[in-house]
Amino acid sequence: PQGQANKWVKVMERDNGIDVIKLTNRDFLRSLENAVRFGKPCLLENVGEELDPALEPILLQQTFKQQGGIVIKLGDTIIPYHPDFKLYITSKLPNPHYTPEVSTKVTVVNFTLSPSGLEDQLLGIVVAEERPDLEEAKNQLI
């Protein structure tokens, strides 16, 4: 189940040219800088319960105006901040506990599956396959 979020984000942002990085990548900060600069979505995979301090300015959206443009200080570098930039952070931990300081800076979405959720998904697939007319009627109601 931990891979569901990664897959969902990658599919959702595929057309926008998502950059997928890990904290362990040597050029992690450079890839993040490029995503911020060019307004690309960025998926930071497999983080633990501690986040890299270099992410602070992005998580707090510490942008400021300089020479008529919006910029952000990332590490020691001041770079242009593109308004289309999006950062997604995923964890493989089954039930991560983030500190209150981290929790106030991010929105946490739990992708854990429940048995009833799986039943609903399977029922939807079966109905769509066996009785497409019922599936269409359901979609019209929603």
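Use the structure listed above.
Residues numbered from 1 in each chain as written. Predicted model: local features only at pLDDT ≥ 70, side-chain atom pairs only at ≥ 80, totals over all residues. Heavy atoms only, no water.

Peer 1: Would you mind showing me how to read the overall build of the protein chain here?
Peer 2: Secondary structure assignment for the protein chain yields 6 helices and 6 strands. For the protein chain, the succession of helices and strands along the chain, N to C, is α-β-α-β-α-β-β-β-β-α-α-α. Taken over the C-alpha trace, the protein chain has a radius of gyration of 19 Å; the compact-globule value for 142 residues is 14 Å, which it surpasses by more than 25%. Buried residues in the protein chain amount to 27% of all 142 residues. The contacts of the protein chain with a sequence gap of at least 6 include a subset with a gap of at least 24, amounting to 61%. Of the roughly 9900 Å² of accessible surface on the protein chain, a fraction of 53% belongs to carbon and sulfur atoms. Of the side chains in the protein chain, 15 bear a positive and 20 a negative charge, and the two mean positions are spaced by 7 Å. (Helix = DSSP H or I, 4+ residues; strand = E, 2+ residues; numbered from the N terminus. Rg over C-alpha atoms; globule rule 2.2 N^0.38 Å. Buried < 20%, exposed > 50% of the residue type's maximum accessible area, 1.4 Å probe, protein only. Contact = heavy atoms within 4.5 Å. Areas by Shrake-Rupley, 256 points an atom, 1.4 Å probe, with all protein chains shown as cover. Lys, Arg positive; Asp, Glu negative; His and termini not counted. Charge placed at Lys NZ, Arg CZ, Asp CG, Glu CD.)

Peer 1: It is not clear to me how the pattern of salt bridges should be interpreted in this structure. Could you clarify?
Peer 2: Oppositely charged side chains are able to pair whenever their charged atoms sit close together. All told, the structure shown has 6 salt bridges when counted by the stated rule. The partner of Asp 19 in a salt bridge is Lys 40, and the shortest N-O contact between them spans 3.1 Å. One end of the pair, Asp 19, is in strand S1 (residues 19-22); the other, Lys 40, is in the loop between helix H2 (28-38) and strand S2 (41-45), with 21 residues separating them in the sequence. Judged by its relative accessible area of 28%, Lys 40 is partly exposed. The shortest N-O distance in the salt bridge between Asp 133 and Arg 131 comes to 3.1 Å. Taking relative accessible area as the criterion, Arg 131 reaches 42% and is therefore assigned partly exposed. Through salt bridges that share partners, Lys 10, Lys 22 and Glu 45 make up one connected network. (Salt bridge = Lys/Arg side-chain N within 4 Å of Asp/Glu carboxyl O.)

Peer 1: Would you mind showing me how to read the packing of aromatic side chains here?
Peer 2: When we look at a pair of aromatic rings, we describe it by the centre distance and by the angle of the planes. Applying the stated criterion across every chain, the model contains 1 aromatic pair. Each ring, one from Tyr 81 and one from Phe 85, has its centre 6.1 Å from the other, and the planes form 75°; the classification is edge-to-face. The class of Phe 85 is buried, set by a relative accessible area of 8%. (Phe/Tyr/Trp six-rings, centres within 6.5 Å; stacked < 30°, edge-to-face > 60°.)

Peer 1: What exactly am I supposed to notice about the nonpolar core here?
Peer 2: Side chains of nonpolar character tend, in soluble globular proteins, to be buried together. Core analysis: the biggest nonpolar cluster contains 18 residues, and Leu 32, Val 36, Leu 55, Ile 58 and Phe 85 have the highest contact counts within it. Looking at this core, the elements with two or more residues in it are H2, S2, helix H3 (56-59) and strand S4 (69-74). Per-element tally for this core: the top contributor is H2, with 4 residues. Leave out the neighbours within four places in its chain, and Ile 58 touches Leu 32, Val 36, Ile 72, Leu 74, Phe 85 and Leu 87. (Core = buried A, V, L, I, M, F, W, Y, C linked by side-chain atoms within 4.5 Å.)

Peer 1: For this particular structure, what's the right way to read the side chain of Glu 13?
Peer 2: Here Glu 13 lies in the loop between helix H1 (3-12) and S1. The exposure class of Glu 13 is buried, given its relative accessible area of 3%. In terms of polar contacts, Glu 13 uses its side chain to reach the side chain of Tyr 88, at 2.6 Å. Residues contacting Glu 13, with those up to four places away along its chain left out, are Ile 18, Pro 41, Lys 86 and Tyr 88. (Polar contact = N/O pair within 3.5 Å; in protein donor to acceptor, adjacent residues only side chain to side chain.)

Peer 1: Would you mind going over unusual backbone geometry with me for this structure?
Peer 2: The general pattern is negative phi for most residues beyond glycine and trans for most peptide bonds. Positive phi values are uncommon outside glycine, yet Gln 61 reaches one of about 50°. The phi torsion at Gln 67 lies on the positive side, around 50°, for a residue other than glycine. Within the secondary structure layout, Gln 67 lies in the loop between strand S3 (63-66) and S4.

Peer 1: Is there a simple way to think about the pairing of S1 in this case?
Peer 2: As a general feature of sheets, a regular strand has side chains that alternate between the two faces. Going residue by residue along S1, you find Asp 19 and Ile 21 tucked away on one face and Val 20 and Lys 22 left uncovered on the opposite face. In the sheet, S1 pairs with S2 via 4 bridges, with the strands oriented parallel. Each bridged residue has a counterpart across the sheet, and for Lys 22 the counterpart in S2 is Glu 45. After leaving S1, the chain enters H2 and then returns to the sheet as S2, a path that is right-handed. (Pairing = 2+ DSSP bridges. Right-handed = clockwise from strand over helix to strand, strands pointing away.)

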